[in-house]
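Spelled out from the first residue to the last, the chains are:
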Amino acid sequence: MSKKYNVAVVGANGAVGEEILSILEEVDFPINKVVPLASSRSAGKTVTFAGKDIVIKELTDAVFEEEEVEIALFSAGGSVSAQFAPSAVRAGAVVIDNTSHFRMDANIPLVVPEVNPEDIAQWKKSGIVANPNCSTIQMVQVLKPLDEAYDIQRVDVSTYQATSGAGKTAMEELVNQMQSFFAFKLDEAEVKAFAHRIALNVIPQIDKFLDNGYTKEEMKMVNETTKIMHKEIPLSATCVRVPTLRGHAEAVSVKFACEVDASAAKEILKNAPNVVLLDKPEESIYPMPSIALEKNETFVGRIRVDNFDKTMLHMFIVADNLRVGAATNAVRIAQKWIEMEEEK
């Protein structure tokens with residue numbers, strides 16, 4: 001990579017925006033200048049990048065052209081992306097959007113670089129590449145190599161999703177409720193971020209319920225998996241919010257077209273890009289959110305063949321949702337986009 005780029009981070013002071021800045025620095029991304037953007041409420045505050053405090057600029061339609069932005073990483077909510085992503089595209093930038101707004105648009109590629117990097121080439125249709133849902137990303141990273149080996153017929157998944165998936169205020173709500181618990185005042189704790197108290201509880205609802213009985217989060221996993229893997233995979237999801245701060249976990253059951261061997265499947269996953277096999281149950285070694293914290297890899301373990309159907313595998317998948325499930329994937333898309341552009 002010889003050229004350096006002007007990179008905007010929209011929502012720079014949010015949970016994902018902060019991670020994007022950290023990862024850009026960690027991977028030595030070819031940056032000429034970084035342009036942190038946020039709402040007028042946050043404009044004037046600073047973020048840290050490469051040891052320097054950089055002032056956040058107000059997100060406007062004109063700022064992308066004024067700052068000559070070439071790559072715009074959006075993570076400030078769907079309505080913000082809907083309003084300002086077209087302005088970034090008009091200014092000549094490629095937009096990598098971390099919200100759900102563009103994901104199912106037929107003209108916009110939905111990309112996990114370990115799974116369908118070739119789809120990035122479609123970016124010129126709209127100027128936008130969409131980043132999938134956090135739960136979808138870590139799952140398809142594991143499903144893809146297994147599908148190539150055994151031909152997936154069906155997937156059933158239950159998620160255990162951390163409060164950070166709902167933003168900084170949701171994380172703060174969990175912490176505040178736990179403080180109330182230790183002060184013997186849990187009944188007085190504020191419930192705002194979720195439908196129910198999250199401390200010492202699990203909530204089998206993420207996002208709104210739809211007419212089919214599933215939530216929007218659950219249907220995101222269904223629809224996004226099909227789009228990313230270019231394959232109609234029957235998939236059923238139950239998405240659950242749990243009282244952890246960071247790191248999504250998933251119990252996944254997969255049915256294949258043929259009988260599978262757990263040892264062979266482990267070997268396949270051991271060699272999968274950005275996947276780490278942690279599977280020594282006799283030593284209590286398996287994926288957990290505490291292990292995935294601030295890591296850029298997806299961890300998989302508890303891999304076993306079903307007791308009654310030898311064409312089924314069960315496994316447990318964990319990743320840092322703010323990184324693998326959002327910021328890391330966005331930066332990897334940007335890196336792959338640069339590779340493709342510079343190869344021309």
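Participant: How do you make sense of the overall build of the protein when you look at a structure like this?
Facilitator: For the protein, the helix and strand inventory stands at nine helices and 14 strands. The C-alpha radius of gyration computed for the protein amounts to 20 Å, which stays within 12% of the reference 20 Å derived for 344 residues, consistent with globular compactness. Structurally, the protein occupies a C-alpha span of about 60 × 60 × 40 Å along its principal axes. Within the protein, counting contacts between residues at least 6 apart in sequence, those at least 24 apart form 68% of the total. Accessible area for the protein stands at about 15400 Å²; split by element, carbon and sulfur atoms hold 49% of it. Here the protein carries 36 positive and 49 negative side-chain charges, and the mean point of each set is 1 Å from the other.

Participant: How do you make sense of the layout of surface pockets when you look at a structure like this?
Facilitator: Rolling a probe over the atoms, with the probe sized like a water molecule, indicates the empty space that remains. Estimates place the volume of the largest pocket at around 1200 Å³. Around the largest pocket, the lining comprises 45 residues; the ones closest to its centre are Gly-77, Ser-164, Gly-165, Ala-166 and Gly-167. Elements that contribute at least two residues to the lining of the largest pocket include exactly α1 (15-26), α5 (168-182), α6 (216-229) and α9 (323-343).

Participant: Looking at this structure, how should I read the side chain of Ser-75?
Facilitator: Tracing the sequence through the fold places Ser-75 in the loop between β6 (71-74) and α3 (78-90). For Ser-75, the residues in contact, after removing those within four places along its chain, are Val-10, Gly-11, Val-16, Gly-17, Ile-20 and Asn-98.

Participant: Whenever I open this one, the nonpolar core confuses me. Can you help?
Facilitator: In a soluble, globular protein the nonpolar side chains are often hidden away together inside. Counting 58 residues, the largest nonpolar core has Phe-64, Phe-74, Val-155 and Met-315 as the members making the most contacts within it. At seven residues, helix α4 (residues 134-150) tops the list of elements feeding residues into this core. With residues near it in sequence (within four places) discarded, Phe-64 still touches Ala-8, Val-10, Leu-37, Leu-59, Val-69, Ala-72, Phe-74, Phe-84, Ser-87, Ala-88 and Ala-91.

Participant: Quick question: what am I supposed to make of the state of the cysteines here?
Facilitator: Between two cysteines, a covalent bond joining their sulfur atoms is known as a disulfide. Inspection of the entire model under this criterion finds zero disulfides. As a non-bridged cysteine, Cys-239 has Cys-134 as the owner of its nearest cysteine sulfur, 8.7 Å distant.

Participant: I would appreciate a short explanation of the side chain of Thr-328 in the present structure.
Facilitator: Within the fold, Thr-328 resides in helix α9. A relative accessible area of 3% places Thr-328 in the buried class. If we skip the residues at most four places from it in the chain, Thr-328 touches Ile-23, Asn-296 and Arg-323.

Participant: Just to check I follow, could you spell out the sheet that holds strand β1 (residues 5-10) for this structure?
Facilitator: Sheet strands line up and pair through hydrogen bonds in the backbone, either parallel or antiparallel. Across the sheet, six strands lie side by side as β5-β2-β1-β6-β7-β8; this open sheet has parallel pairing. Two strands close off the open sheet at either side, each with one partner strand: β5 (57-58) and β8 (128-130). Across four bridges, β6 lies against strand β7 (residues 94-97) in parallel orientation. The residue bridging Phe-74 from the neighbouring strand is Asp-97, located in β7. Against the sheet, α1 engages β1, β2 (31-38) and β6, with an angle of about 155° to β1.

Participant: Explain α6 here, please?
Facilitator: For α6, spanning 14 residues, the distance from its first C-alpha to its last is 20 Å, which sits close to the expected 20 Å at 1.5 Å a residue. Of all 14 residues in α6, 12 are buried; the element is thus mostly enclosed. Within the span of α6, buried status applies to Glu-217, Glu-218, Met-219, Lys-220, Met-221, Val-222, Glu-224, Thr-225, Thr-226, Lys-227, Ile-228 and Met-229. The inward-facing, buried residues of α6 contact α4, β9 (152-161), β10 (235-241) and β11 (248-256). Remark: His-230 follows α6 within two positions and exhibits a positive phi of approximately 55°.

Participant: Would you explain the packing of α4 against α9 in this entry?
Facilitator: Each packed pair of helices is defined by two parameters, the angle between the axes and the distance between the axes. With their axes 8 Å apart at the nearest point, α4 and α9 run at an angle of 70° to one another. On the basis of the axis angle, α4 is roughly perpendicular to α9. Across from Cys-134, Ile-137 and Gln-141 in α4, the residues of α9 making contact are Val-324, Gly-325, Ala-326, Asn-329 and Arg-332. Class assignment for the residues of the contact of α4 with α9 results in four nonpolar, three polar and one charged.

Procedures and definitions
- Residues numbered from 1 in each chain as written.
- Predicted model: local features only at pLDDT ≥ 70, side-chain atom pairs only at ≥ 80, totals over all residues.
- Heavy atoms only, no water.
- Helix = DSSP H or I, 4+ residues; strand = E, 2+ residues; numbered from the N terminus.
- Rg over C-alpha atoms; globule rule 2.2 N^0.38 Å.
- Contact = heavy atoms within 4.5 Å.
- Areas by Shrake-Rupley, 256 points an atom, 1.4 Å probe, with all protein chains shown as cover.
- Lys, Arg positive; Asp, Glu negative; His and termini not counted.
- Charge placed at Lys NZ, Arg CZ, Asp CG, Glu CD.
- 1 Å grid on protein atoms, 1.4 Å probe; cavity = no way out; pocket = protein on both sides within 12 Å on 5 of 7 lines; lining within 4 Å.
- Points joined across faces, edges and corners; volume = space filled by probe spheres on them.
- Core = buried A, V, L, I, M, F, W, Y, C linked by side-chain atoms within 4.5 Å.
- Buried < 20%, exposed > 50% of the residue type's maximum accessible area, 1.4 Å probe, protein only.
- Disulfide = S-S within 2.5 Å.
- Pairing = 2+ DSSP bridges.
- Axes fitted to C-alpha atoms, helices over the stretch in contact; angles between N-to-C directions.
- Expected span 1.5 Å × (residues − 1).
- Parallel < 35°, antiparallel > 145°, perpendicular 65-115°, else oblique.
- Nonpolar A, V, L, I, M, F, W, Y, C, P; charged D, E, K, R; others polar.

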